[in-house]
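As a plain string of letters, each chain reads:
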Amino acid sequence: MSITYIVSGFAVGLLVGMTGVGGGSLMTPLLTLLFGVNPSVAVGTDLAFASITKSAGTVTHRSRGTVQWDIVRRLCIGALPAALLATLALQYFGPLGPEIGQLIRYSIAVSVLLTVVAILFRGKMMAWVNAKPGRQLHGRSLAAATIASGAVLGTLVTISSIGAGAIGATLLVMLYPKLTPAEVAGTDIAYAVPLTAIAAVGHWWLGSINWMLLLTLLIGSVPGITLGSWAARIVPERLLRGLLALTLATVAIKLLA
């Protein structure tokens, strides 16, 4: 089983490094569906997994100059307080029993479906925004929209560990259409590091992290995301996103069944 965890961590890390998406969307369903991990433990472990894995990806993207730190700061202003509030809400509503676990499971499924939509229609959404410059936000309105987007993502990521990748990247494309694909991926990965770290600390406080499982996953994911970040220019992005969308749609259907 340890070898399977390592291979799974490597595969997910490789995909995240190449596309910027798929971390929580793949790892949490893998843990719950294939390995039978309790949904709440899967979410907590995946958040810790994401924070460390994406730190390695951030180092690579930073060395290539593909992280827009001003956007990262705005997203974090909204996301980090939202993550703390979501953690307190989980604590307030009691222990993570079967009912809460089922709620998290459905939250994961809905988040996965949103991720599929974001992946499939990202190109059309970007074309719609670029068609009329007047549709683009500027100045304070752009900053406020970025902070609000961060708050939504912070809540979603804390509850389900899903959303920082594809949904976050899509919001970046909508709000900042002039960013290159590499800058979208790098910025998305960078802001997710403190967000998932804070959310992971909250789940550690709630007792929903499997540390041995986390360590095993990281053995594969850290080299995976590093390799994927460098291979991103070789593998066609369209092919990767099509495969990812098909995989996530299947996962969502199984979670809802």
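The structure this text deals with has already been given above.
The notes below deal with the structure included here. Since the structure is predicted, the reported quantities are computational estimates derived from the model, not experimental observations.

A separate point is the overall build of the chain. In terms of regular secondary structure, the chain is built from 11 helices and zero strands. Out of the 257 residues in the chain, the part that is buried amounts to 54%. The contacts of the chain with a sequence gap of at least 6 include a subset with a gap of at least 24, amounting to 84%. For the chain, the accessible area works out to roughly 11,600 Å², and carbon and sulfur atoms hold 72% of it.

Okay, the packing of aromatic side chains next. In total, this model carries one aromatic pair according to the counting rule given. Note on Tyr 5 and Phe 35: the rings are 4.6 Å apart at their centroids and 75° apart in plane angle, and the pair reads as edge-to-face. With Tyr 5 in helix H1 (residues 2–19) and Phe 35 in the loop between helix H2 (23–34) and helix H3 (39–63), this residue pair connects regions lying 30 residues apart in the sequence. Accessibility classification places Tyr 5 together with Phe 35 in one group, the buried group.

A separate point is the nonpolar core. Side chains that are nonpolar tend, in soluble globular proteins, to be buried together. Membership of the largest hydrophobic core comes to 64 residues, with the highest contact counts inside it found for Leu 31 and Tyr 191. Not counting residues within four places of it along the chain, the set of residues in contact with Tyr 191 comprises Val 72, Leu 75, Cys 76, Leu 153, Ala 164 and Gly 168.

Residues Leu 85, Leu 88, Val 201, Trp 204, Trp 205 and Trp 211 make up a contiguous nonpolar surface patch of about 730 Å² in total accessible area. Relative to the helices and strands, Trp 204 is located in helix H9 (residues 181–205).

We now examine the side chain of Lys 54. Among the secondary structure elements, Lys 54 is positioned in helix H3. The side chain of Lys 54 sits in the buried core without any salt bridge; Asp 188 is the nearest counter-charge, 5.5 Å away. If sequence neighbours within four positions are ignored, Lys 54 has contacts with Val 16, Ala 164, Gly 165, Ile 189, Ala 192, Val 193 and Ile 225.

Our next topic: the environment of Leu 85. By the element assignment, Leu 85 lies in helix H4 (residues 69–92). A residue is classified by how much of its surface remains accessible, and Leu 85, at 59% relative accessible area, is exposed. In this structure, the C-alpha to C-alpha distance between Leu 85 and Gly 154, residues 69 residues apart in sequence, is 9.3 Å.

This next bit is on H9. Taking 1.5 Å per residue as the helical rise, H9 with its 25 residues ought to reach 36 Å, and the 36 Å between its terminal C-alpha atoms agrees with that figure. If you look at H9, its biggest bend is around 30°, right at Val 193, and the proline Pro 194 turns up within four residues after that. Backbone geometry just after H9 places Gly 207 at a positive phi near 80°.

The rules behind these values
- Residues numbered from 1 in each chain as written.
- Predicted model: local features only at pLDDT ≥ 70, side-chain atom pairs only at ≥ 80, totals over all residues.
- Heavy atoms only, no water.
- Helix = DSSP H or I, 4+ residues; strand = E, 2+ residues; numbered from the N terminus.
- Buried < 20%, exposed > 50% of the residue type's maximum accessible area, 1.4 Å probe, protein only.
- Contact = heavy atoms within 4.5 Å.
- Areas by Shrake-Rupley, 256 points an atom, 1.4 Å probe, with all protein chains shown as cover.
- Phe/Tyr/Trp six-rings, centres within 6.5 Å; stacked < 30°, edge-to-face > 60°.
- Core = buried A, V, L, I, M, F, W, Y, C linked by side-chain atoms within 4.5 Å.
- Patch = residues over 30% accessible without salt bridge, like charges linked within 9 Å, V, L, I, M, F, W, Y side chains within 5 Å.
- Salt bridge = Lys/Arg side-chain N within 4 Å of Asp/Glu carboxyl O.
- Lys, Arg positive; Asp, Glu negative; His and termini not counted.
- Expected span 1.5 Å × (residues − 1).
- Bend = angle between axes of the 7 residues up to and from the residue.

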